[in-house]
Amino acid sequence: MSSLFGRKSAGNFSRLFCSRRFSCQLFVSRLSFYTTEEELKKAFSPFGKITEARLVQDYTSKHHKGFGFVTFESESDAQKALQAMNNRMIRGRLIFVEVAKPVTGEKRTL
DNA sequence: GTTGAGCGTT
């Protein structure tokens, strides 16, 4: 008997997906002041699918504070990029990568 | 061409 469900699925979803937007976020600090979001995203792109990349800066003075956040689509890729890009050199400066802490005040619905 | 530990957002 031929199994109708015995075939391999082309779109394999074996990777872990994070919940909406409160996970898979990486905290990137000690960035060079000349580093942009595209450089950050471009540096973390080969490690996984990035859904969001932001550099924290003042919305009035336009001066960045030197750190940012990178959101990955899969949690496994986020931690893989963490270990891969931690203490890495960008723009001639060493950067720190850590797991971002959850946003306070936002609803965390699973 | 602007400072240096850090967990943030119009």
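Going by what an unreviewed UniProt entry lists, chain A is known as RRM domain-containing protein and is assigned to Aristolochia fimbriata. Here is the UniProt Subcellular location (unreviewed entry) comment for chain A, exactly as written: "Nucleus".

Caption draft 1: Broad picture of the overall build of chain A. A count of helical and extended segments in chain A gives 2 helices and 6 strands. The helix and strand sequence of chain A, counted from the amino end, reads β-α-β-β-α-β-β-β. The buried share among the 110 residues of chain A stands at 30%. The long-range fraction of contacts in chain A, counting pairs at least 24 apart against all pairs at least 6 apart in sequence, stands at 62%. When the accessible area of chain A is evaluated, it comes to approximately 8500 Å², of which 52% is carbon and sulfur surface.

Caption draft 2: Structural context of the sheet that holds strand β1 (residues 25-29). Read across the open sheet, the 4 strands follow the order β2-β3-β1-β6; overall the sheet is antiparallel. Whereas interior strands pair on both sides, the edge strands pair on one side only; in this sheet they are β2 (50-57) and β6 (96-99). On average, each strand axis in the sheet is inclined to that of its neighbour by 20°, with strand direction left out of account. Across 4 bridges, the pairing between β1 and β6 is antiparallel. Across the sheet, residue Leu26 finds its bridge partner in β6, namely Val99. Packed on one face of the sheet, helix α1 (residues 37-44) meets β1, β2, β3 (64-72) and β6 and runs near 140° to β2. Lying over the sheet, helix α2 (residues 75-85) contacts β1, β3 and β6, oriented at roughly 155° with respect to β6.

Parameters at a glance
Residues numbered from 1 in each chain as written. Chains lettered and ligands numbered in written order. Predicted model: local features only at pLDDT ≥ 70, side-chain atom pairs only at ≥ 80, totals over all residues. Heavy atoms only, no water. UniProt positions renumbered as here; feature names shortened; annotations may be inferred. Helix = DSSP H or I, 4+ residues; strand = E, 2+ residues; numbered from the N terminus. Buried < 20%, exposed > 50% of the residue type's maximum accessible area, 1.4 Å probe, protein only. Contact = heavy atoms within 4.5 Å. Areas by Shrake-Rupley, 256 points an atom, 1.4 Å probe, with all protein chains shown as cover. Pairing = 2+ DSSP bridges. Axes fitted to C-alpha atoms, helices over the stretch in contact; angles between N-to-C directions.

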